[in-house]
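Observations on the model geometry
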Amino acid sequence: MNTCFHCKGCVEPSTRTHVVDLDKCIVIIRNVPCMECTQCGEAYYSDEVQKRLDEIVKTVSSVMTEIAVVEYSGSAA
Ligand SMILES: [Zn+2]
C-alpha cells in the first residue's frame, strides 16, 4: 500500500507510539513500525504488526496495574 485510504496522500515507512485504552488500564507501545501518511498522519499497521500488538497488549494487560509503557519488539516477550 502506498497511498492513504483517507486522503490519497503518500504513505512512508515510519514508527509511532501505539496507545491502547482498556477499561482498567492504558498500554503504551513505543516504536511500532507502520506506514504513515505524510499528509494526514494516518498510520497503517501490517497484519503481522497488528497481530503482535494484540499479543503484547494481552500479555502486558494481564500483569499490569494502570499504565504500562513498553517498547515494541517483534519477538515473544
Ligand atoms: Zn492521509
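A brief structural summary.

Looking now at the pattern of salt bridges. Throughout the structure, instances matching the rule amount to 3 salt bridges. Between Glu36 and Arg16 there is a salt bridge, and its shortest N-O distance comes to 3.7 Å. Placement of Glu36 in strand S2 (residues 26–37) and of Arg16 in strand S1 (residues 11–21) is noted, with a sequence separation of 20 residues between them. Of the residues examined, Glu36 reaches a relative accessible area of 24% and is grouped as partly exposed. Accessibility expressed as a relative area gives 28% for Arg16, which makes it partly exposed. Glu55 is the partner of Arg52 in a salt bridge, and the nearest nitrogen-oxygen pair spans 2.8 Å. Of this pair, Arg52 and Glu55 both sit in helix H1 (residues 47–63), separated by 3 residues, roughly a single helical turn. Its relative accessible area of 9% is what places Arg52 among the buried residues. Overall, the relative accessible area of 39% leaves Glu55 in the partly exposed class.

We now examine the coordination of the zinc ion. Within the first shell, the zinc ion binds the protein through Cys4 (SG), Cys7 (SG), Cys37 (SG) and Cys40 (SG), at distances of 2.3 Å. The coordination sphere of the zinc ion comprises 4 donor atoms, whose angles at the metal cover 101 to 116°; the geometry is tetrahedral. Each donor residue of the zinc ion belongs to the same chain, and together they define the spacing C-x2-C-x29-C-x2-C. A residue pair is termed long-range when its members are at least 10 positions apart, and Cys7 in the segment before S1 and Cys37 in strand S2 qualify at 30 residues.

Now for the nonpolar core. The biggest cluster of nonpolar side chains holds 13 residues, and the ones touching the most others in it are Val27, Ile29, Val32, Leu53, Val60, Met64 and Tyr72. If you list the elements that add at least two residues to this core, you get S2 and H1. Sort the elements by how many residues they give to this core and H1 lands first, with 5 residues. When residues no more than four places from it in sequence are discounted, the contact partners of Ile29 are Arg16, Thr17, His18, Leu53, Ile56, Val57, Val70, Glu71 and Tyr72.

Right, let's talk about the side chain of Arg52 for a bit. Engagement of the side chain of Arg52 in a polar contact is seen with the side chain of Glu55, the distance being 2.8 Å. There is a polar contact of 2.8 Å between the side chain of Arg52 and the backbone oxygen of Ser73.

Cut-off values and rules
Residues numbered from 1 in each chain as written. Predicted model: local features only at pLDDT ≥ 70, side-chain atom pairs only at ≥ 80, totals over all residues. Heavy atoms only, no water. Salt bridge = Lys/Arg side-chain N within 4 Å of Asp/Glu carboxyl O. Helix = DSSP H or I, 4+ residues; strand = E, 2+ residues; numbered from the N terminus. Buried < 20%, exposed > 50% of the residue type's maximum accessible area, 1.4 Å probe, protein only. Donors = N, O, S within 2.8 Å, 3.2 Å for Na, K, Ca; no water. Tetrahedral: all angles 85-135°; square planar, octahedral: opposite > 155°, others 65-115°. Core = buried A, V, L, I, M, F, W, Y, C linked by side-chain atoms within 4.5 Å. Contact = heavy atoms within 4.5 Å. Polar contact = N/O pair within 3.5 Å; in protein donor to acceptor, adjacent residues only side chain to side chain.

Structural measurements only, silent on function.
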